[in-house]
Each structure stands twice: as structure tokens, then as C-alpha cells.
There are 2 protein chains.
Amino acid sequence: MTQQTEPARRTPLNRDRVLRAAVALADRAGIEALSMRSLAHELDVVPMALYKHVANKKQLLDGMVDVIVGEIDPPAGDADWKSAIRRRVLSARRALLRHSWASRVIESRTSPTPGVLDYLNSIIGMFRAGGLSADLTHHAMHALGSRVWGFTQELFPASPGPAPADADPQALAALLGEMAARYPHIVEIVLARPHDGESVVGQGCDDQFEFEFALDLLLDGFERLHRQGWTSAERF
Amino acid sequence: MTQQTEPARRTPLNRDRVLRAAVALADRAGIEALSMRSLAHELDVVPMALYKHVANKKQLLDGMVDVIVGEIDPPAGDADWKSAIRRRVLSARRALLRHSWASRVIESRTSPTPGVLDYLNSIIGMFRAGGLSADLTHHAMHALGSRVWGFTQELFPASPGPAPADADPQALAALLGEMAARYPHIVEIVLARPHDGESVVGQGCDDQFEFEFALDLLLDGFERLHRQGWTSAERF
DNA sequence: ACCGCCGGTGTACGCCGTACACCTTTACGG
DNA sequence: CCGTAAAGGTGTACGGCGTACACCGGCGGT
């Protein structure tokens, strides 16, 4: 028989399948569990096979970034520049939140990929279309920083100390006491959720609110500067 | 002779010497060249010796962060909250700029060290001393994000494409042309330095200016919200 | 005189990324 | 129809990493 009885022939790999599998694996097992070997195993292939489709691991990560960037909604034509940019950035945020590893990978990339450049180019274009000067737009992009991607560096990646979901509440309260003695301002701030829930530990912050708060503060600032015809030459 | 003729006995290691050597090595050779092995070699010691002084590499990096945080100037008592915070943050920036790897390490740390907590606590205290509510301060800290450390995620870590210090200007100009065709807005922005130097490629941005621009935009925003008695409950 | 501990050693394990030579399958031009 | 060359997958191997674990010399305290 010329046909192999084996379950047909594996459909051959290609760059796209590799990238998608990498994204899926990182989603499921975490970015630190993504190695060329583990990815190859996932694809039922020997590690070196991957190198026929991506040059090296850096390029793999770059490709994964572009996959995620491709999930960001295209700009919506209507609306003023401010809310158009706001919407787009929040869309980027949703994409990044779907892949919790993505922000860390974007941070660590050392040279921009075409997809990244496309996105940045288009955001800049939205500022310009809104009438902001190239000068102001330049500084606005810097001011946004990683916020154009919809994320901010978390100051407290998790609650400090051991995970909150362990140990008896006795010890937990004691720990909070220690914290309050040593870092009174931090504790006060962490507990500062205006009214409602008075759970002992502030159950974390509303990240979405925090993000929009800062984003709006910046966008409003840009708008104000734009209206008053600001140029960077003013501060000689 | 009971005395060894060898150059006496090596003064024994301790945690502090290890951390300082690690910082020095990272400064000199880059953070990616810092391994337990290379650090041990630097200290004329076998790799495993380090583990008598730091639990593992994560803790080594945490310790290095605390060394850098220790370089940040203490708060200066005089002056209003805004300029006091401004000064402190810019001092943090100077410390981080002295150790170019530090921002990346701070970003990647997963749980805060005592030194980090001290610093954040004191910044928060400065907001509170200025009269800002715990609520507003909370959001202000989030809005600052990594900017309390004096750095911002760079959008273009270097100029895109190959390093600028190579190849003939002919090819470089052609590359710029391609860029301008594909990413017109980016190119316009990059070249938008108000008057002076008209070098072909914008020779990079004035990072210090960009940082202060964004920092002041945020601080001014906080001040405005403070003056008008803003609380987060407003946006129900 | 002894013991215990502290700091430094040596060996080894299991990961990692990837260079390189090899083999199979497929596509195509003569 | 065949020969060949490319494309895609394999196997082996190397050097590097973090670190577990057993060990050992010398010093201080009893």
C-alpha cells in the first residue's frame, strides 16, 4: 500500500501555526513555561523543527506580540480624537488582558516589530487628525508610554507578603498590624476604597478604574495644552 | 609555619559584599551577563558559595534593587508637596540612570522588598502631608505607576531597524524613505524636534524632558483634582 | 579536648537555546 | 519519467544556566 495507515500525514507546520500554538501555550501554562522544547512537544515535533519556521526564540516572542497586536480593534472613524484614542487604547487593554503574559513580553522586546509600528503609527495619526501639532503629539506619546498598550507597571504586583488565601485570619491580622506600624501610609492607601466593602484587606484595586483615571488625566492634559497652543519651545 | 604564606586569608564574603559585587558586575557587563556563576567568578569563589549569603537568584536581584533604592535621596522637608515629590522622583530617576539595568529588574520583580516599601510609603506620606485625601493619593500612585521610580517604558527602545551607527548614509536615507512611506506619522513625530538640529535622523529624544513633561502633567492634574475636592465616588 | 557551626568546595542533575549533519518527502524542469 | 534540489522534520551534541546535596576545614565556646 502506498498510503500510510498512520493517521494520514501531519499537516505540516508553518510560521502561523507555530505562533498560534505558542500564544495558546503561554495563555495556558504561563510565559515562563514556554520554551522551544515545550512548544515543540505541544506540536508533536522535535525542538529543532521549530527553527525551520522562526529564526530563534526572540523572533518567536516578537511574532507572538504581533499576533496579540493583531487582536486590537481597528480605529473607529467617528468621534473626536480624544474618545477615539481612548477607545482604541482600551481595546488594546482588552487584548492584553486576554493574554496576561503579553505586557511583560512587550516590555522586554528590544526592537519593534512591523505590527507594533503599524499600531503606533495609527495612534499617532489619530492625534494628528485631531489637530494636535507634531510637537505636542511627540511628547504625548512619550507621556503615555506603555499606556498606549493599555497597561501600567503595577507597583504592588500582588498584595505584599504571602498570598492572602492562606493561614488563619489571626496571623493575617497580626501581619496587617506589623505592616501598619512600619508602612502606615501604604496601609492607609490600600484600604482607601471610598465606602462599601470593608473587607480586612482591600481585596485589591479596581485596575480598570485606575487605568482609565490615569488615561483620562493625561488625555485631558493633552487637550488643555492643545487648546492653549502649547509648544515645547516655551520651556526653553 | 602555622601562618599560610598565601596572601593571608580572603576576607570572608557577606551578603553586602555579594550584593555590591553584583551591582558592579551588572553595571559593567549588563544584567544579562550576571549569572550566579559569573558573579562567583568575580568574587574568586565557587558558585555555590553565594548560596550561603543569598537564598537564590531572585533574592539576589531583590537585594540589588534595595541597594539602588538606597541611593535615592531622602525627602527634603521644605517646599510644597508637589515640588518635594517632583524632586524625590527625579532623584530616583538619577539613581536608576546610574544603573541602566535597574528599571528592567524593578519591573520584573514579583514581590516588593522592604526598601521598595519604605520608598513607596514615604512618597505616599508626602502626598498625604500635602493634604491630598487618601482616596486621591491612592489613584495618584496608580497613575504614576513606574514613574515613581523615574522611568517610563520606552516605546522605541532604540531607533527602529539596524543600529544607526553603521552602513553608508545612502542606504540609511533609503531606509528612512521606506519608513516614511509605511509609517508616515511615526517618522513625522520622530523628526519633530522644534527648531535646531536637523540631522537626518532625530538623534533620539530628550528623555529627561519627556520624563518631566509627563510627570508635571500628572502632578498638575493631581493638584487640580485636589483643589476641586475630587473623590472617586463622583464617577459612580 | 571536644563538638558544632559557619563558610567555602565539588559533583551532579535537569533544564535551556541552538549549531550542525542528516534523512525523507515533495515539486518540478528536462 | 526521471533526476535533482529544495523544504521540512530528526538526532545528537555543546555550552550555559540555577541549584540540590554531601562534604570538609577551621574557629569559638564549653
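Residues numbered from 1 in each chain as written. Chains lettered and ligands numbered in written order. Predicted model: local features only at pLDDT ≥ 70, side-chain atom pairs only at ≥ 80, totals over all residues. Heavy atoms only, no water.

Draft legend 1. Layout of the overall build of chain A. Helix and strand counts for chain A come out as 10 helices and 0 strands. Counted from the first residue to the last, chain A has its helices and strands arranged as α-α-α-α-α-α-α-α-α-α. Per-residue burial over chain A gives 44% buried out of 236 residues. Within chain A, contacts between residues separated by at least 24 positions form 70% of all contacts whose residues are at least 6 apart in sequence. When the accessible surface of chain A is summed, it comes to about 12400 Å², and 55% of that surface belongs to carbon and sulfur atoms. (Helix = DSSP H or I, 4+ residues; strand = E, 2+ residues; numbered from the N terminus. Buried < 20%, exposed > 50% of the residue type's maximum accessible area, 1.4 Å probe, protein only. Contact = heavy atoms within 4.5 Å. Areas by Shrake-Rupley, 256 points an atom, 1.4 Å probe, with all protein chains shown as cover.)

Draft legend 2. Structural detail: the protein's contact with DNA strand C. Residues in contact with DNA strand C amount to 17 residues; listed here are only the nearest, Arg 37 and Lys 57 of chain A together with Met 48, Lys 52 and His 53 of chain B. The share of sugar and phosphate among atoms of DNA strand C within 4 Å of the protein is 42%. The side chain of Tyr 51 of chain A places a nitrogen or oxygen atom 2.9 Å from a phosphate oxygen of DNA strand C. Lys 52 of chain B is positioned with one of its side-chain polar atoms (N or O) 2.6 Å from a base oxygen of DNA strand C. Residues of the surface near DNA strand C, tallied by class, amount to 9 nonpolar, 3 polar and 5 charged. (Near = heavy atom within 4 Å. Polar contact = N/O pair within 3.5 Å; in protein donor to acceptor, adjacent residues only side chain to side chain. Nonpolar A, V, L, I, M, F, W, Y, C, P; charged D, E, K, R; others polar.)

Draft legend 3. Representation of the relation of the copies chain A and chain B in the model. Turning chain A through 180° and shifting it by 0.0 Å along the axis lays it on chain B, with an RMSD of 0.0 Å. Such a turn and shift between the copies fits a two-fold axis. Of the residues that chain A buries at the interface, 100% are likewise interface residues in chain B, meaning the two copies contact each other through the same surface. (Least-squares fit on C-alpha atoms with pLDDT ≥ 70 in both.)

Draft legend 4. Geometry of unusual backbone geometry. Residues and elements named next belong to chain A. Even without a glycine there, the phi angle at Asp 44 is positive, about 55°. Residue placement: Asp 44 occurs in the loop between α2 (36-42) and α3 (57-69). Residue Asp 44 is classed as exposed on the basis of its relative accessible area of 58%.

Draft legend 5. Looking closely at the packing of aromatic side chains. In total, this model carries 10 aromatic pairs over all chains according to the counting rule given. With centroids separated by 5.1 Å and ring planes inclined at 45°, the aromatic side chains of Trp 230 of chain A and Phe 213 of chain B adopt a geometry described as tilted. On the criterion of chain membership, the pair formed by Trp 230 of chain A in the segment after α10 (207-227) and Phe 213 of chain B in helix α10 (residues 207-227) is interchain, its members lying in two chains. The buried category is assigned to Phe 213 of chain B, whose relative accessible area is 2%. Members of the aromatic cluster, each reached through a chain of ring pairs, are Trp 81, Phe 127 and Phe 222 of chain A. (Phe/Tyr/Trp six-rings, centres within 6.5 Å; stacked < 30°, edge-to-face > 60°.)

Draft legend 6. The arrangement of the packing of α3 of chain A against helix α6 (residues 114-129) of chain A in detail. All names here are of chain A. Closest axis-to-axis distance for the α3/α6 pair is 8 Å, and the angle between their directions is 35°. Here α3 contributes Val 65, Asp 66 and Val 69 to the contact with α6, which in turn contributes Pro 114, Gly 115, Val 116 and Tyr 119. When grouped by side-chain class, the residues that make up the contact of α3 with α6 number 5 nonpolar, 1 polar and 1 charged. (Axes fitted to C-alpha atoms, helices over the stretch in contact; angles between N-to-C directions.)

Draft legend 7. Inspection of the protein's contact with DNA strand D at higher detail. For DNA strand D, the set of nearby residues contains 17 residues, the closest of which are Met 48 and Lys 52 of chain A together with Arg 37, Tyr 51 and Lys 57 of chain B. Of all atoms in DNA strand D that approach within 4 Å of the protein, 41% are sugar or phosphate atoms. Contacts to DNA strand D include Tyr 51 of chain B, whose side-chain N or O atom sits 2.9 Å from a phosphate oxygen. Backbone polar atom of Lys 57 of chain B to a phosphate oxygen of DNA strand D: 2.9 Å apart, as the coordinates give it.

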